[in-house]
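Close look at the chain arrangement
These are the residues of each chain, in order.
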Amino acid sequence: MISLQNILLLVVVTLHGSDGARILGLFPIPGRSHMNVNAAIIEELARRGHQVTVVSPFPLAKPIPNYTEMVMKKMDIEDMGNATGSAERFDPFDMKDMNYIAKVAMLWGFGQAFCDMFLQDPAVQKLMQSDDLQFDLIMTENFYLDCFLGFAHKYKVPVVQVCSFGGSEVIGDLVGNPYPYAYVPDVFQELTDKMDFKGRLQNTLGLLFQQLGKIIYYIPKQNALMRKHFNSPDMPSIMELEKYTALVLVNHHFSISYPRPLMPNLVQVGGMHIKPPKELPQDLKKFLDEAPDGVIFFSMGSNLKSSKMKEGTIKALVEAFSKLKQKVLWKWETDSLPGQPKNLKLGKWLPQSDILAHPNVRLFITHGGLLSTQETIARGVPIVGIPIFGDQRLNMNTALARGYGQILEYENITTESVLWAINEVLENPRYRENAQRLSRIYRDQPLSPLDQAVFWTEYVIRHKGAPHMRSAALDLAWYQYFLLDVIAVLALGTGTVLFVVFVIVRALLRKLCGGTKSKVTKVSDKKKRK
């Protein structure tokens, strides 16, 4: 009987595997937070029977059936300066004072440098030169590496693009998604969806800058690198290859950000990396359990390192923490911290999402990264944010507007300001109430974000790229999309009618005024004769 059951199980697994698609995952970005999002969907697809080949700098911790790795050379974020030709190591904290144009231009520069470097990686070259591999779908991250769309041309298959942040206008352009400037803020600007005239002007100018820069500078550079490394001078432009995009999965959800219009093939899967909480390591569990006054958790994410902050900033934080009755758990990247108080525990790596699920965690001090804000909302924990770069300011402005967090400016960190921000959130119950209310709203979904991502990916596979979801907006020229040709015809027609009316009215007035003037002249002449 047991043997028969094993045989039946083997048959079921074999049949399920035979229905699985062959999926190529291209995730070269060296950021751990980016890969957390990408890994959630690509690993789940492998678990559900699809044959997955993944190119990434992050190897699996444990093998997964149907999952083939092509491991790239790993690079720390601090080495990004070297990648772009700078002699100095890149310090993410330096981005705090960069203006908007400099931030966007820097991302374009990174995209250019990374494309040139990643397409030369042995793992990518092996894939590029292989002629015996076949795929049904390509899944890739959209983050300033459009040169990887060359693989869509090589394999002639639909593409699912994953956006690990909240998405921008240029990402929505892949599927013709509308992006109303009046109430959808640019992710790289310090705005909310409630913009005054100045905000709408700032938002519009910034987004137009991105669009023009993409056409004039960014895409031509990516085209040149793609054609060079694929050794194909006649390869279509990236603007043409973007049409292979069948689906965009955006790490965003209206409940924890702002509502926006969506095309059917742009799907919100914000928080799909969040899993049910696992049991904590024994030392962490003991520290959290034995905290009658609660615990404050502090982490600056995977890219920003607390140990790299300014000496005065670290000293102010330590002094502030020493004055608290709560315990503090701090993600700290070195072996020791000078002046460490008794209520402070350090950890080089901490299971953030699982810690936030512990009932004794009262507050989360964070850089305001998207994954961190999603996790804190999912767990219903209020925050104090120290935004540095990217979309962190936008996320923290949302937290402030939604009433579940406060902002602590990095350059204004003192013992007093830290204590004020912590006490403001801990002693005012509305912050925790709002966090838990938003958590209930976020979790009230018909399917989990990961299940939605898998469903729509498999939907695209089942329906051969799902061309029926493709927007007609993709076939329109920019002046047609914005109805400028219609506006021009209407303006010309209206102007013509007004001009004709003007001519007629002027002629009538001249005739009337001319006749009256003639009569007045005749009467005047008669008076003169008398």
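Note that the structure is predicted; figures quoted are calculated from it, not measured.

This paragraph deals with the sheet that holds strand β12 (residues 383–385). The strand order across the open sheet formed by six strands is β10-β9-β8-β11-β12-β13, and the pairing between neighbours is parallel. A strand with exactly one partner marks an edge of an open sheet, and here the two such strands are β10 (344–347) and β13 (405–407). Ignoring strand direction, the axes of neighbouring strands in this sheet form an average angle of 20°. With three bridges connecting them, β12 and β13 associate as parallel partners. The residue bridging Gly385 from the neighbouring strand is Ile407, located in β13.

Let us look at the layout of surface pockets. Volume-wise, the second largest pocket comes out at about 920 Å³. Among the secondary structure elements, those contributing two or more residues to the lining of the second largest pocket are α8 (197–229), α9 (238–241) and α18 (478–481). In terms of residue count, α8 provides more of the lining of the second largest pocket than any other element does, five residues in total. Class assignment for the residues of the lining of the second largest pocket results in 15 nonpolar, three polar and six charged.

Bringing the nonpolar core into the picture now. Note that soluble globular proteins tend to have their nonpolar side chains buried in a common cluster. Formed by 54 residues in total, the largest nonpolar core has its most connected members in Leu127, Ile138, Phe148 and Phe151. Top element by residues in this core is helix α4 (residues 100–118). It accounts for nine residues. Residues in contact with Ile138, not counting those within four places in the same chain, are Leu24, Leu26, Phe151, Ala152, Tyr155, Val157, Pro158, Val159 and Val160. Judged by nonpolar contacts, the second largest core, of 36 residues, contains Ala39, Val52, Val54 and Val160.

What follows is about the packing of aromatic side chains. Scanning all chains against the criterion turns up 22 aromatic pairs. Between Phe114 and Phe118, the ring centres sit 5.1 Å apart and the planes meet at 20°, which makes this aromatic pair stacked. With Phe114 and Phe118 both in helix α4 and four residues apart, this pair spans about one turn of that helix. The class for Phe114 is buried, based on a relative accessible area of 6%. Seen from their ring centres, Phe151 and Phe230 are 5.0 Å apart, and the 75° between their planes marks the pair as edge-to-face. With Phe151 in helix α6 (residues 150–155) and Phe230 in the loop between α8 and α9, this pair connects stretches of sequence that are 79 residues apart. Each member of the pair, Phe151 together with Phe230, is buried. Members of the aromatic cluster, joined through ring pairs, are Phe143, Tyr144, Phe165, Phe188 and Tyr218. Over the ring of Tyr155 we find Lys154; its NZ or CZ atom is 5.5 Å from the centre of that ring.

For the rest of this paragraph, the subject is the pairing of strand β4 (residues 137–141). Burial of β4 is extensive: five of the five residues sit out of reach of the surface. Both faces of β4 are covered, namely the face carrying Leu137, Met139 and Glu141 and the face carrying Ile138 and Thr140. In this structure, strand β1 (residues 22–26) lies alongside β4, joined through four bridges in parallel fashion. If you follow Leu24 over to β4, its bridge partner there is Ile138. In this structure, β4 lies alongside strand β5 (residues 159–163), joined through four bridges in parallel fashion. When the sheet's bridge partners are listed, Ile138 is paired in β5 with Val159. The handedness of the β4 to β5 crossover, carried by α6, is right-handed.

By the definition in use, this model includes five cavities of 30 Å³ or more. Of the pockets and cavities examined, the largest cavity occupies roughly 190 Å³. Surrounding the largest cavity, 14 residues form its lining, Asn142, Tyr144, Asp146, Val170 and Tyr218 being those nearest its centre. Only α7 (169–172) and α8 provide two or more residues apiece to the lining of the largest cavity. Tallying contributions element by element places α8 first for the lining of the largest cavity, with three residues.

Cut-offs applied
- Residues numbered from 1 in each chain as written.
- Predicted model: local features only at pLDDT ≥ 70, side-chain atom pairs only at ≥ 80, totals over all residues.
- Heavy atoms only, no water.
- Pairing = 2+ DSSP bridges.
- Helix = DSSP H or I, 4+ residues; strand = E, 2+ residues; numbered from the N terminus.
- Axes fitted to C-alpha atoms, helices over the stretch in contact; angles between N-to-C directions.
- 1 Å grid on protein atoms, 1.4 Å probe; cavity = no way out; pocket = protein on both sides within 12 Å on 5 of 7 lines; lining within 4 Å.
- Points joined across faces, edges and corners; volume = space filled by probe spheres on them.
- Nonpolar A, V, L, I, M, F, W, Y, C, P; charged D, E, K, R; others polar.
- Core = buried A, V, L, I, M, F, W, Y, C linked by side-chain atoms within 4.5 Å.
- Buried < 20%, exposed > 50% of the residue type's maximum accessible area, 1.4 Å probe, protein only.
- Contact = heavy atoms within 4.5 Å.
- Phe/Tyr/Trp six-rings, centres within 6.5 Å; stacked < 30°, edge-to-face > 60°.
- Lys NZ or Arg CZ within 6 Å of the ring centre and 35° of its normal.
- Right-handed = clockwise from strand over helix to strand, strands pointing away.

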